[in-house]
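Secondary and tertiary structure notes
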Amino acid sequence: MIAFFAAHSARADFQTCLAGLRVTAAAGGVSTQTFDQATQGLQPNPEVITFSTSQPEFKTPIWDYLAGLVDDERVADGQANMRKWGQAFASAQSRFGVDPATVAAVWGVESNFGQAFGNRPIVQSLATLSCDGRRQAYFRTEFVAALKILQAGDIDPAQFKGSWAGAFGHTQFMPSTFLRIAVDGDGDGRRDLINSVPDALASTANYLKKAGWQTGGTWGFEVKLPEGYNGPSGRTKKQPMTAWAGRGIRRVDGRPLGEGAAGLLLPAGPEGPAFLVTRNFDAIYGYNAAESYALAISLLSDRLRGQPGLKTPWPTDDPGLSRADRREVQTRLVQRGYDLQGKIDGVIGDKTREAIADFQGKAGLKPDGRASVSVLTALRR
């Protein structure tokens, strides 16, 4: 009975909030017709509140994060898509000055080249987050922006789905970003990041250009530190290349550092891979404010250009796994009787972590739930 009245109260509060959003949307230029059509019968989705408030169960080591995003499978898929959509990539580069490999890397990381958009209705998610949880003011702005997109007719309402937080399309734009940045890449007069790859690629290039991308420049490169290096570091602490060279820092391939300014990025400390990163790295960082994310995009873009991977190993004796290896972990866990709810997708969610931790405990390993080389090795025995 208590649960019934709590649910009833939550629905009533949501409808009251929705009435307030109707006024906010109207003040923002959304017609009554658009609002009513988009919110007819709308109910909150408690799941998105859970996503917005839950904390990660463990911090993902950088080598795990990159192993799943920059793997041979994604490189092969990316190069195939670069060939398939060559004209669209070339058009975006001509228009905004951002090279195809960088745009393709964003596409690959954000939606696995259009294979993983997210399936939660954008309007429902943003309405829920506008009425409950943290950052309500932010999500109300995104909610109104989403309605403006529908009002303009750029996106089919039935297809307007994406992540729990409201990002959507091939390269996962938030609605307000769409309104500011999205462009028509295929010439049909619409900006459709869900059904039009050319629109998505051009819009992504436009985003990076507006974020400060310098045409013809590099994001940076891997470097080798001198023994015992304890000098300055940090993405934002940029200095001339000559200053870094004077400290004994060299490219791993032996070539000169070149010209310009860069910051020294040490994502795993001085014992791991080191990078000199430029303003173009900062432009990628602006897409999703995390250095690990920007590094994934950067390293994937290099691989898409045909360049080799990292030369310096990560400081761990138990490396992370590619998506193919993660799928093998899941397959072998299921074979041992673990219930992963039918998901053999290479995504390490709660069920997979729980199963790994249980298996690790039985195998005499540290039960941390990591999908790592040691786990796969033990499962193969």
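Residue numbers restart at each chain and count upward from 1, following the sequence in its written direction. For this predicted model, a pLDDT threshold of at least 70 governs which residues receive local features, and a threshold of 80 or more governs which side-chain atom pairs are given and counted, while totals over whole chains, interfaces and linings are taken from all residues. To obtain the side-chain values, all non-hydrogen atoms of the structure were used and water was disregarded.

1. Section: the packing of helix α7 (residues 100–111) against helix α11 (residues 197–210)
Where α7 meets α11, the axes come as close as 10 Å, and the angle between the chain directions of the two elements is 110°. Accordingly, the angle class assigned to the pair α7 and α11 is roughly perpendicular. The two elements α7 and α11 meet at a crossing, and its hand is right-handed. Across from Thr102, Val103, Val106 and Trp107 in α7, the residues of α11 making contact are Val197, Leu201, Thr204, Ala205 and Leu208. Its residues assigned to classes, the contact of α7 with α11 shows seven nonpolar, two polar and no charged. To get an axis, a line is fitted to the C-alpha atoms, and for a helix only the part in contact is used. The angle between two axes follows their N-to-C directions and goes from 0 to 180 degrees. Strands here mean DSSP runs of E at least two residues long; helices mean DSSP runs of H or I at least four residues long; both are numbered from the N terminus. What sets the label is the angle itself: under 35 degrees gives roughly parallel, over 145 gives roughly antiparallel, 65 to 115 gives roughly perpendicular, and the rest give oblique. The crossing is said to be left-handed when, going from far helix to near helix, the turn is anticlockwise and less than a right angle, and right-handed when the turn is clockwise. The criterion used for residue contact is that any of the two residues' heavy atoms lie within 4.5 Å. Three categories are distinguished: nonpolar for Ala, Val, Leu, Ile, Met, Phe, Trp, Tyr, Cys and Pro, charged for Asp, Glu, Lys and Arg, and polar for the others, with Gly belonging to the last.

2. With respect to the state of the cysteines
Think of a disulfide as a covalent bridge from one cysteine sulfur atom to another cysteine sulfur atom. To count as a disulfide, a pair of cysteine sulfur atoms needs to be within 2.5 Å. Tallied over the full model, the rule gives one disulfide. Here Cys17 connects covalently by a disulfide to Cys131, the sulfurs 2.0 Å from one another. Negative torsions about the S-S bond denote left-handed disulfides, and the value of about -85° found for Cys17 with Cys131 makes this one left-handed. Taken together, the residues Cys17 in helix α1 (residues 2–27) and Cys131 in helix α8 (residues 122–131) connect sequence positions 114 residues apart.

3. Concerning the sheet that holds strand β7 (residues 274–277)
Each strand in a sheet pairs with its neighbour through backbone hydrogen bonds, running either in the same direction (parallel) or in the opposite one (antiparallel). Taken together, five strands build an open sheet; the order of strands is β4-β6-β7-β3-β5 and the sheet is antiparallel. Where the open sheet ends on each side, the last strands, each with one partner, are β4 (234–240) and β5 (250–251). Direction of pairing for strand β3 (residues 220–224) relative to β5: antiparallel, over a ladder of two bridges. Note on β5: the bridge partner recorded for Lys224 is Arg250. At least two bridges found by DSSP between two strands is the condition for calling them paired.

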